[in-house]
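Understanding the architecture of this molecule
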Amino acid sequence: MPTLQIDAVVPMLCVTLGALAAMAGEALRGKGPRMPGGWFGIIGLAGAAISAVILWNPTPEAFREDFGVIVADNFGLFVTLVLALVGILTIMFSSQVIHRDNLPAGEYYALLLFSIVGMMMMATATDLLVIFVALEILSLAVYVLTGIRREDQAGTEAAFKYFLLGAISSAFFLYGIAFTYGVTGSTRLSAITQYLSAQSMSGDAMVLIALALLLVGFAFKISAVPFHMWTPDAYEGAPAIVTGFMSTGVKAAAFAAFARVFLSSFEPFRDLSAAGPGWAPVVAVIAAATMILGTVVGVAQANLKRMLAYSSIAHGGYLLVGLVAANSVGKAAILFYLLAYSVTNLAAFGVIALLGARDRANDSLRDYAGLWHGSPGLAALMTVCLLSLGGLPPTAGFIGKWYIFQAAVSAGYYWLAIIGVLTSVVSVFFYLRVVVMMYMAERDGAPEPARVTGFGMVALTLSIVVIFFLGILPTPVLDFAGQSIATIF
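In short, a report on the structure. (Residues numbered from 1 in each chain as written. Predicted model: local features only at pLDDT ≥ 70, side-chain atom pairs only at ≥ 80, totals over all residues. Heavy atoms only, no water.)

**What to know about the overall build of the protein**
Check the secondary structure of the protein and you find 19 helices and zero strands. Expressed as a percentage of the 489 residues in the protein, the buried residues total 61%. For the protein, long-range pairs separated by at least 24 residues make up 81% of all intrachain contacts whose partners lie at least 6 apart in sequence. Accessible area of the protein: about 17700 Å², with a carbon and sulfur share of 69%. (Helix = DSSP H or I, 4+ residues; strand = E, 2+ residues; numbered from the N terminus. Buried < 20%, exposed > 50% of the residue type's maximum accessible area, 1.4 Å probe, protein only. Contact = heavy atoms within 4.5 Å. Areas by Shrake-Rupley, 256 points an atom, 1.4 Å probe, with all protein chains shown as cover.)

Structural data, given as structure tokens:
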């Protein structure tokens with residue numbers, strides 16, 4: 001009977017307590033000012049980060065095959081730290097937005113924190129059923145967050161589309177688990193690895209079906225082509241800060257589980273010859289299609305949130321390149337890229353959220369005309385984020401893409417690296433288009449930018465510091481990422 005490693009749930013417990021405190025504070029408050037629910041979340045996330053640091057480099061007993069369905073290994077702890085940072089930055093960006101848009105603060109913070117609990121569980125789970133439960137916890141919370149502005153028809157429509165397609169992808173994932181159990185007799189990743197490694201099952205139809213179904217479930221969550229159709233509408237309809245959160249946190253958790261399942265349990269089916277292609281060539285084609293579609297369609301977008309939605313799709317393709325390469329460089333690069341991308345993209349959406357108004361999203365390209373003249377600080381911060389997303393030095397995005405493409409070349413996927421470089425070059429066009437609009441265009445009736453103060457400006461400043469730190473001194477983080485990967489793969 002599988003047990004639970006108690007240490008592994010401490011970070012999740014801290015965040016859960018923060019969520020419960022935010023709910024209780026909102027429910028028990030009087031008619032006066034709102035309770036500072038964001039502080040409960042920050043304290044819970046800080047506790048999760050501290051506990052993850054304390055748990056770093058666990059004892060070898062933590063990796064006993066029969067020890068737990070949730071394990072505090074370095075890989076899961078690294079992703080936990082990334083998710084804690086994403087959560088803290090999201091709450092800091094949200095403090096001004098919640099009051100401005102009159103969102104239900106208690107519900108918002110509770111849903112945000114409970115979704116992070118699901119993400120952390122997904123990153124540390126070593127059982128397919130637990131991964132599925134974690135996936136549903138985070139998904140249900142994000143569905144509601146997408147439509148949290150109940151009076152907004154676009155947000156309601158986006159939430160419904162996201163929920164409907166998410167339910168279909170969950171069914172695919174669950175059927176994949178069922179087929180895996182039917183072949184191996186277990187849903188534990190360690191048991192699946194042992195069974196598939198010991199058996200000569202190359203070409204087994206049941207395993208290939210299980211792989212395909214699991215791949216569909218993961219591909220939906222990371223917005224990979226052709227399972228990306230929900231992304232632009234959901235990103236555009238949701239509040240900007242919610243869009244930034246789900247484009248980073250959900251992607252980080254999904255990629256962590258994706259890598260853990262496919263690079264460990266299904267590694268024997270990575271490359272098949274007699275029975276046809278393994279999962280690596282299939283994922284390589286998906287990665288190429290994802291990079292190309294996300295970049296090409298992104299060029300045509302005039303709405304900044306839709307543009308960043310297609311940008312997010314393309315970045316999912318870059319992460320898939322590291323998964324396909326699957327060498328030591330590629331595995332470490334996945335974690336580094338997740339951190340770099342999460343901070344950069346969340347900061348970009350943070351600027352959009354902070355510049356918005358209650359009755360106007362201010363998310364079209366023209367809304368940023370002449371931003372430099374009205375708010376030079378925000379224009380400069382947005383420029384750094386866009387340059388990092390484009391992969392220009394000396395930013396975190398440049399280092400992340402460098403190692404991703406280096407891993408692809410080292411693994412012999414030259415064509416994939418070439419596509420990645422070419423799409424990166426093309427993507428610079430639509431990022432620089434925003435920069436040109438901010439610095440060189442006249443406002444011509446564009447709304448005056450909102451004044452950004454307090455937590456929002458602190459979060460932006462912190463994000464820029466992290467972007468430049470990762471771009472100039474990436475070695476310490478890459479070393480941590482390498483240590484994380486070495487413990488399980």
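Text resumes after the structure shown.
**Describing unusual backbone geometry**
The linkage connecting Val225 with the following residue, Pro226, adopts the cis geometry, with an omega of 5 degrees. Topologically, Pro226 is positioned in the loop between helix 8 (205-221) and helix 9 (231-237). For the peptide bond that leads from Pro393 to Pro394, omega is 0 degrees, which places it in the cis range. Among the structural elements, Pro394 can be located in the loop between helix 15 (376-390) and helix 16 (396-410).

**Quick notes on the pattern of salt bridges**
All told, the structure shown has six salt bridges when counted by the stated rule. One salt bridge in this structure joins Glu157 and Lys161, with 3.1 Å as the shortest N-O distance. On the criterion of helical spacing, the pair formed by Glu157 and Lys161 is a turn pair, its members being four residues apart in helix 6 (residues 153-184). Of the residues examined, Glu157 reaches a relative accessible area of 43% and is grouped as partly exposed. Note on Lys161: relative accessible area 30%, which makes it partly exposed. For Arg306, the salt bridge is made with Glu236, and the minimal N-O distance between the two is 2.8 Å. Within this pair, whereas Arg306 is found in helix 12 (residues 304-325), its partner Glu236 is found in helix 9, the two being separated by 70 residues in sequence. The exposure class assigned to Glu236 is partly exposed, which follows from its relative accessible area of 30%. Connected through shared salt-bridge partners, Glu157, Lys161, Asp233, Glu236 and Arg306 make up one network. (Salt bridge = Lys/Arg side-chain N within 4 Å of Asp/Glu carboxyl O.)

**What to know about the packing of aromatic side chains**
Applying the stated criterion to the full structure yields 23 aromatic pairs. Aromatic side chains Trp39 and Phe455 sit 5.3 Å apart centroid to centroid with 65 degrees between the ring planes, which places their arrangement in the edge-to-face category. Of this pair, Trp39 sits in helix 2 (residues 37-54) while Phe455 is found in helix 18 (residues 455-472), placing the two residues 416 residues apart along the sequence. Relative to Phe262, the ring of Phe218 lies with its centre 6.2 Å away and its plane at 80 degrees, an arrangement referred to as edge-to-face. Of the two residues, Phe218 is situated in helix 8 and Phe262 in helix 10 (residues 240-265); the sequence distance between them amounts to 44 residues. Phe262 sits in the buried class, given a relative accessible area of 0%. Here a set of aromatic residues connected by ring pairs shows up, and it is made of Phe132, Phe173, Phe218, Phe255, Phe258, Phe262, Phe266 and Trp279. (Phe/Tyr/Trp six-rings, centres within 6.5 Å; stacked < 30°, edge-to-face > 60°.)

**Here we look at the environment of Ile334**
Structurally, Ile334 can be placed in helix 13 (residues 328-355). Taking the C-alpha atoms as reference, Ile334 lies 8.5 Å from Ala481; in sequence the two are 147 residues apart. Apart from the residues lying within four places of it in its own chain, the contact partners of Ile334 are Leu319, Gly322, Leu323 and Ile404.

**Here's the deal with helix 4 (residues 105-124)**
The first and last C-alpha atoms of helix 4 sit 29 Å apart over 20 residues, in line with the 28 Å expected at 1.5 Å per residue. Burial analysis of helix 4 places 18 of its 20 residues in the buried class, the great majority of the element. (Expected span 1.5 Å × (residues − 1).)

**Side note on a nonpolar patch on the surface**
Together, Leu140, Phe160, Phe163, Leu164, Ile168 and Phe172 give the surface a local cluster of nonpolar side chains, amounting to about 560 Å² of exposed area. When residues of the nonpolar patch are assigned to their parent elements, the largest contribution, five residues, is made by helix 6. Tracing the backbone shows Phe160 in helix 6. (Patch = residues over 30% accessible without salt bridge, like charges linked within 9 Å, V, L, I, M, F, W, Y side chains within 5 Å.)

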